[in-house]
Amino acid sequence: MRNLHATLLAAVFAVPAAMATAAENVTSFMLENGLQLVVIEDHRAAAVTHMAWYRVGSADEPPGKSGIAHFLEHLMFKGTDDLEPGEFSRVVRANGGSDNAFTSYDYTGYFQRVAADRLGLMMQMEADRMRDLVLTEEEVAPELQVILEERSQRTDSSPGGLFGEQRRAAMYLNHPYGRSVIGWRHEMEGLTLQDAVDFYDEHYAPNNAIVIVAGDVYPEDALALAKEHYGPIAANPDLKPRVRPAEPPHIAERRVVYEDPRVSTPYVIRSYLAPERNAGDQKTAAALTFLAEILGGSSQTSVLGRSLQFVDPTALFTTAFYSGLSLDHGEFGVLVAPVEGRSLEEAEDDMDRVIAEFMETGVDLEQFERIKMQIRASEIYELDSVQGTARKYGAALTSGLTIEDVQAWPEVLQSVTPEDIMEAAAQVFDRRRAVTGFLSAPEAAEQEVGQ
Amino acid sequence: MIRFISVLGLALFAALPARATVDIVPVTSPGGITAWLVEDHSIPFVSLEIRFRGGASLDLPGKRGATYLMTGLLEEGTGNMDAIAYAQRLEELAASFEFEAYDDAISISAQMLTENRDDAIAHLRGAVVSPSFSEDAIERVRAQVQSIIMGDANDPEDIASATFNQLAWGNHPYGSKREGTAESLAGLTRDDLIAAHQGALALDRVYVGASGDITGEELGLLLDTLLGGLPAEGAPMPDRADYALNGGVSVVDFETPQSVVVFGHQGIFRDDPDYIPAFILNSVVGGSGFASRLMTEVREERGLTYGIGSYLLPLDHGELYLGQFSSDNERVADAIEVVRDQWVDIAENGITQDELEAAKTYLTGAYPLRFDGNGRIANIMVGMQMSDLGTDYIPTRNDKVNAVTLDEIRTIAARLLQPENLHFVVVGKPEGLETTN
């Protein structure tokens, strides 16, 4: 029965899987100044997404300057020698487009979404601010207040946000992944115009950038526009390789206990340091992707969900997650939020018991086949969002992967075996390389909410 | 050089595609169910968006939360399948079904592969037409909803919205949370859920949008299979909600470094002849991100917030004009003053010709970019049907926007923006602010 099922799936999927690869129409070019151009064609609508990704993120910040990568991202909208503060976005909007930017540990990205015939104008302005940013105190001072308000909103107003920041700091003994992207408040308060300029001069250059154009555009047209606008910018000859302080061996389990009166659903969460996807070597990461699905992908069908949320439930919510798209380290995590009246210690015991049982019984082959089916299908569904495809390539290329790695990923996933998954699980489930966190409200506050 | 780029931007504008090219075909199934379809066979899957008008506002007195809980149980078992078997089958099909209960509608968002579409529809039909509502599933989901209610009671953003709605709408369902209260949720029985299901999911209130790899004929047959077993008529719609809030400030004490503010007053219905001028006006006030007045004055000029926005909320039975932002406790009073000043200024003086032109250019240019995926297209088509717009709305919408004059904007600004009625709900420890009245 199991074999029949597998055969059936293979037959059903042979065509769409091949189509998925063909339909994700990707072309890559390298300009002479080191800028990589990636073109993703989708001619269904006359729109285009233009993104500039820099291989620099918060993990590249100098010590004491946490938050500067993200602060600079905000300041990139504050004008150049050719553009007034705010004019960049005004021109985008005057052309019916929208624009924004984002910062992560390993990358900083800027994007516009416009009608396809505006691509040249977007490139003209993005190329302009790659080297010609002009900052004044008048613009920098209020923007510092804005990022402090952003920290208040995203982190300080959220018990889960503060807890995550503390757990991350405990996870990394030496690597800058231990600092949050937004930065520590006391360091953010001290960031200056000069800090931003120094960071900009060092990292913003064509040989540290990837431009992705996705939508109704042909590769040769995009290349011609890129040569015109980005081509003349000189490379930064002093660009340093991205080598961050490395982690020493992790030999001691860490535990983080955080109480906050705003917590209404207490939970226990454990993050293990895990291998990330590496160029030409994504097999363990693929196995861990399956492991997260198997353990905590769905409340109804995952190992944690079925064991703890059904038949005499002891948990309100469970999940497992794996983040492997990262330059230096990945993380694998499990979370259990116990039902009312059950302690976090008991929830942790439940979690450990289920994981131990899983290590004994191994992978359920029917579940394994269902997950493979879903991964295959997601390749088809993803084709519907060219912006999502653009982001996928940008994040991968700034995290040390190549276009070939991105395109090989579905195959690597499909070639994972149950044995690979158990091997990866045995490798990752080592408490010495894990942070276990308890989040709850102080006793008194918990009672108050209960009333 | 500044001028050069600006001029270039404007010069290019002449070439802007001002019309969205989406080919909507109305479809009527053999059984009489109507739908709008955009066919696109380039990717082998289809997105379906199905909505039932009414939603959580159909809750009967004392049964608040019934529609929400019922919707949460649709995927928790049907026929001889329990929740686990149901989810396993869904995974085998690699389809995705989402069910949501909103104030005025229940939505079903589904996407399924072409090659197993019939099986996926048969599976979805079980959830929509014959959910089990088994006692163990009811208790499991009820506990999850209780935790949502407790979480919201501790979340300053939820407290702010809930407080505003309660003050604005009182005892109308809009005045309370659709999840219900801990008490009302605890009191719901299986019979209540069956009644909510029968009342909410009926054929006299269903709207369908479909986009992707399917023909009109296939869609018609699919809809009869999927929805054919539902009752012809559902529960009566709720009454109009009476707005009960005056201008002022309501402070809700909450221990947090940053106050959350929800502000607003009455708004405008979607079928109001001045809706499009109001929509353009709001785009300038606070509906369009960085370019808006509120974002410029509160964030860019003064750094008083990370983000501020405003929006028209035309519900079926009540209409609001709302805004929201967060500011550190010591600065929030200043931010509120800036908002009030803008309200007074725009109510009296309207906006400038430049602002109107920039808003028009943006809104008309951005409109065609919305139709960029099966799920989004299906979604937009259902929204249009529920707002009583015709299939000709898409090609003519930008003309309607372009036709609005500065005078019309002034008129709607004087009507829509009511500084004296502006009410601010502030959740936090705001300095220098107290509840008025």
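Note that the coordinates shown come from a computational prediction; the quantities given were computed from them, not determined experimentally.

Chemist: Before we go on, may I ask you to explain the overall build of chain B in this structure?
Modeler: Regarding its fold elements, chain B presents 16 helices and 13 strands. For 437 residues, the compact-globule estimate of 2.2 N^0.38 gives 22 Å, and the C-alpha radius of gyration of chain B, at 24 Å, lies within 12% of that figure. Contacts in chain B between residues far apart in sequence, at least 24 positions, make up 83% of those at least 6 positions apart.

Chemist: How should the overall build of chain A be read in this particular structure?
Modeler: Across its full length, chain A holds 17 helices and eleven strands. Its C-alpha atoms give chain A a radius of gyration of 24 Å, within 12% of the compact-globule value 22 Å for 451 residues. If one aligns the C-alpha atoms of chain A with their principal axes, the spans along those axes are about 65 × 60 × 45 Å. Scored against the burial criterion, the 451 residues of chain A give a buried share of 51%.

Chemist: Just to check I follow, could you spell out the nonpolar core for this structure?
Modeler: For soluble globular proteins, the rule of thumb is that nonpolar side chains tend to be buried together. Grouped together as the largest cluster of nonpolar side chains are 174 residues, with contacts concentrated most on A:Val211, A:Ile212, A:Leu288, A:Leu291, B:Val261 and B:Leu281. Ranked by the residues each element gives to this core, the list is headed by helix α10 (residues 283–296) of chain A, at nine residues. Both domains that furnish three or more residues to this core are identified here as domain 1 (3–227) and domain 2 (248–428) of chain B. Among the nonpolar cores identified, the runner-up in size contains 72 residues, and B:Val46, B:Leu73, B:Leu74 and B:Ala94 belong to it.

Chemist: Can you walk me through the pairing of strand β11 (residues 434–440) of chain A in this structure?
Modeler: Looking along a regular strand, one sees the side chains alternate between the two faces of the sheet. Residue and element names in this part refer to chain A. Counted residue by residue, β11 has six buried out of seven residues, so it is predominantly covered. Where strand β7 (residues 254–259) lies against β11, six bridges are found, and the strand directions are parallel. Bridge pairing in β11 places valine 257 opposite phenylalanine 438. Pairing of strand β8 (residues 267–274) with β11, which is carried by six bridges, proceeds in the antiparallel orientation. Along β11, the bridge assignment pairs valine 268 with phenylalanine 438.

Chemist: Looking at this structure, I do not really get helix α16 (residues 418–428) of chain A. What am I missing?
Modeler: Note: α-helices contain 3.6 residues per turn, so residues at a spacing of three or four share the same orientation. Residues and elements named next belong to chain A. Three or more residues of α16 are buried, namely Ile421, Ala424, Ala425 and Val428. Buried residues of α16 fall within an arc of 105° about the axis and therefore sit on the same side. Opposite the packed face of α16, turned more than 90 degrees from it, sit the exposed residues Glu419 and Ala426. Tucked inside the fold, the buried residues of α16 contact β8, α10, β10 (330–338) and α12 (344–361).

Chemist: Sorry if this is basic, but what is going on with the packing of helix α2 (residues 68–75) of chain A against helix α8 (residues 193–203) of chain A here?
Modeler: For any two helices packed against each other, one specifies the crossing angle of their axes together with the interaxial distance. Residue and element names in this part refer to chain A. Between α2 and α8, the shortest axis-to-axis distance is 9 Å and the interhelical angle comes to 90°. When the axes of α2 and α8 are compared, the pair comes out roughly perpendicular. Where α2 approaches α8, its residues Ile68, Ala69, Phe71, Leu72 and Leu75 are matched on the opposing element by Asp195, Ala196, Phe199 and Tyr200. Taken together, the residues of the contact of α2 with α8 sort by class into eight nonpolar, no polar and one charged.

Chemist: I tried to follow the sheet that holds strand β10 (residues 258–266) of chain B on my own but got confused; where do I start?
Modeler: Sheets are built from strands that pair by backbone hydrogen bonding, the pairs being arranged parallel or antiparallel. Residues and elements named next belong to chain B. Here we have five strands laid out as an open sheet, ordered β9-β13-β10-β12-β11, and mixed in their pairing. Every other strand in the sheet has two partners, leaving β9 (248–253) and β11 (308–314) as the edge strands with one partner each. The mean inter-strand angle of the sheet, taken between neighbouring strand axes irrespective of direction, is 20°. Sheet topology note: the β10/strand β13 (residues 423–428) ladder contains five bridges and is antiparallel. Residue pairing for β13: glycine 264 is matched across the bridge by histidine 423. Of the strands in this sheet, β11 and β12 (319–328) are in contact with helix α10 (residues 275–287), which crosses β11 at around 155°.

Chemist: Please explain the domain arrangement of chain B as it appears in this structure.
Modeler: In many analyses, interface size is given as the accessible surface area lost on bringing the parts together. Residue and element names in this part refer to chain B. Parsing chain B into structural domains produces domain 1 (3–227) and domain 2 (248–428). The gap between the C-alpha centroids of domain 1 and domain 2 is 26 Å. On the domain 2 side, the residues contacting the 40 residues of domain 1 number 35 residues. Only β2 (34–39), β3 (45–53), β7 (105–113), α6 (156–169) and β8 (206–212) provide two or more residues apiece to the side of domain 1 that touches domain 2. The element contributing the most residues to the side of domain 1 that touches domain 2 is α6, with ten residues. For the side of domain 1 that touches domain 2, the per-class residue count stands at 23 nonpolar, nine polar and eight charged.

Chemist: Any chance you could explain unusual backbone geometry here in plain terms?
Modeler: Outside of glycine, negative phi angles account for most residues, and trans bonds account for most peptide bonds. The residue B:Ala94 is not glycine, and still its phi comes out positive at about 50°. Position of B:Ala94 relative to the elements: it lies in the loop between α3 (83–93) and β6 (96–101).

Chemist: How should the interface of chain A and chain B be read in this particular structure?
Modeler: Taken together, the contact between chain A and chain B spans 58 residues of the former and 65 residues of the latter. Looking at the side of chain A that touches chain B element by element, the count peaks at nine residues for helix α5 (residues 137–156) of chain A. Partitioned by chemical class, the residues of the side of chain A that touches chain B number 24 nonpolar, 17 polar and 17 charged.

Chemist: Teacher, can you tell me more about the sheet that holds strand β3 (residues 47–54) of chain A here?
Modeler: All names here are of chain A. Spatial ordering of the open sheet is given by β1-β2-β6-β3-β5-β4, a layout of six strands whose pairing is mixed. With partners counted over all chains shown, the strands left at the sheet margins are β1 (25–30) and β4 (98–103), one partner each. Strand-to-strand twist in this sheet, taken as the mean axis angle between neighbours without regard to direction, amounts to 15°. Two elements, β3 and strand β5 (residues 108–115), share eight bridges in a ladder whose sense is antiparallel. Of the residues in β5, the one forming a bridge with valine 48 is valine 114. Across the face of the sheet, helix α4 (residues 119–131) comes into contact with β3, β5 and β6 (209–215) while running at roughly 15° to β3.

Chemist: I keep staring at the pairing of β10(A) and nothing clicks. Help me out?
Modeler: Residue and element names in this part refer to chain A. Across the nine residues that make up β10, a large majority, nine, are buried. Neither face of β10 is exposed, since Gly330, Phe332, Val334, Val336 and Pro338 on one face and Glu331, Gly333, Leu335 and Ala337 on the opposite face are all buried. Bridge count for β8 against β10 is seven bridges, and the pairing is antiparallel. Looking at β10, one finds that isoleucine 269 is bridged to leucine 335. Pairing between strand β9 (residues 315–323) and β10: eight bridges, direction antiparallel. When the bridges of β10 are listed, alanine 320 appears paired with valine 334.

Chemist: Explain α4(A) here, please?
Modeler: Its 13 residues place the ends of α4(A) 19 Å apart at the C-alpha level, agreeing with the 18 Å of an ideal helix rising 1.5 Å per residue. Considered for burial, the residues of α4(A) that qualify are A:Leu119, A:Leu121, A:Met122, A:Met123, A:Met125, A:Glu126, A:Ala127, A:Arg129 and A:Met130.

Chemist: So what exactly am I meant to see when it comes to the packing of helix α13 (residues 365–382) of chain A against α3(B) here?
Modeler: Direction vectors running N to C along α13(A) and α3(B) enclose 45°, while the axes themselves pass 7 Å from each other. Compared by their axis directions, α13(A) and α3(B) come out oblique. Taken together, the residues of α3(B) that come into contact with α13(A) (itself represented by A:Arg370, A:Met373 and A:Gln374) are B:Gln88, B:Glu91 and B:Glu92. A breakdown of the residues in the contact of α13(A) with α3(B) according to their chemical character gives one nonpolar, two polar and three charged.

Chemist: Explain the confidence of the model for chain A to me, please; I cannot follow it from the model alone.
Modeler: Low pLDDT means the predicted coordinates in that region are not meant to be read closely. The predicted model of chain A has a mean per-residue pLDDT of 92, with 93% of residues at 70 or higher. The model gives residues 1–23 of chain A a pLDDT under 50, and that stretch makes 17 contacts with residues more than four places away or in other chains.

Chemist: Help me understand the confidence of the model for chain B, please; the structure alone is not making it clear to me.
Modeler: Of the residues in chain B, 95% have a pLDDT of 70 or more, and the chain-wide mean is 93. The ipTM value of the predicted complex is 0.88, and its pTM value is 0.90.

Chemist: Is there a simple way to explain the environment of B:Leu185 in this structure?
Modeler: All names here are of chain B. Examined against the element boundaries, leucine 185 turns out to sit in helix α7 (residues 182–186). When the C-alpha positions of leucine 185 and glycine 79 are compared, they lie 25 Å apart, and in sequence the two are 106 residues distant. Apart from the residues lying within four places of it in its own chain, the contact partners of leucine 185 are Gly65, Leu69, Arg142, Val145, Gln146, Ile149, Glu179 and Gly180.

Chemist: What should I look at first to understand the environment of A:Asn95 in this one?
Modeler: Tracing the backbone through its elements, the reader meets A:Asn95 in the loop between α3 (87–94) and β4. As for A:Asn95 and A:Val354, which are separated by 259 residues in sequence, their C-alpha atoms are 55 Å apart.

Procedures and definitions
Residues numbered from 1 in each chain as written. Chains lettered and ligands numbered in written order. Predicted model: local features only at pLDDT ≥ 70, side-chain atom pairs only at ≥ 80, totals over all residues. Helix = DSSP H or I, 4+ residues; strand = E, 2+ residues; numbered from the N terminus. Rg over C-alpha atoms; globule rule 2.2 N^0.38 Å. Contact = placed C-beta atoms within 7 Å. Buried ≥ 20, exposed ≤ 12 C-beta atoms within 10 Å, placed from the backbone. Core = buried A, V, L, I, M, F, W, Y, C linked by C-beta atoms within 7 Å. Domains from an automatic or database assignment. Pairing = 2+ DSSP bridges. Arc of directions from axis to C-beta. Axes fitted to C-alpha atoms, helices over the stretch in contact; angles between N-to-C directions. Parallel < 35°, antiparallel > 145°, perpendicular 65-115°, else oblique. Nonpolar A, V, L, I, M, F, W, Y, C, P; charged D, E, K, R; others polar. Expected span 1.5 Å × (residues − 1). pLDDT = per-residue confidence, 0-100.

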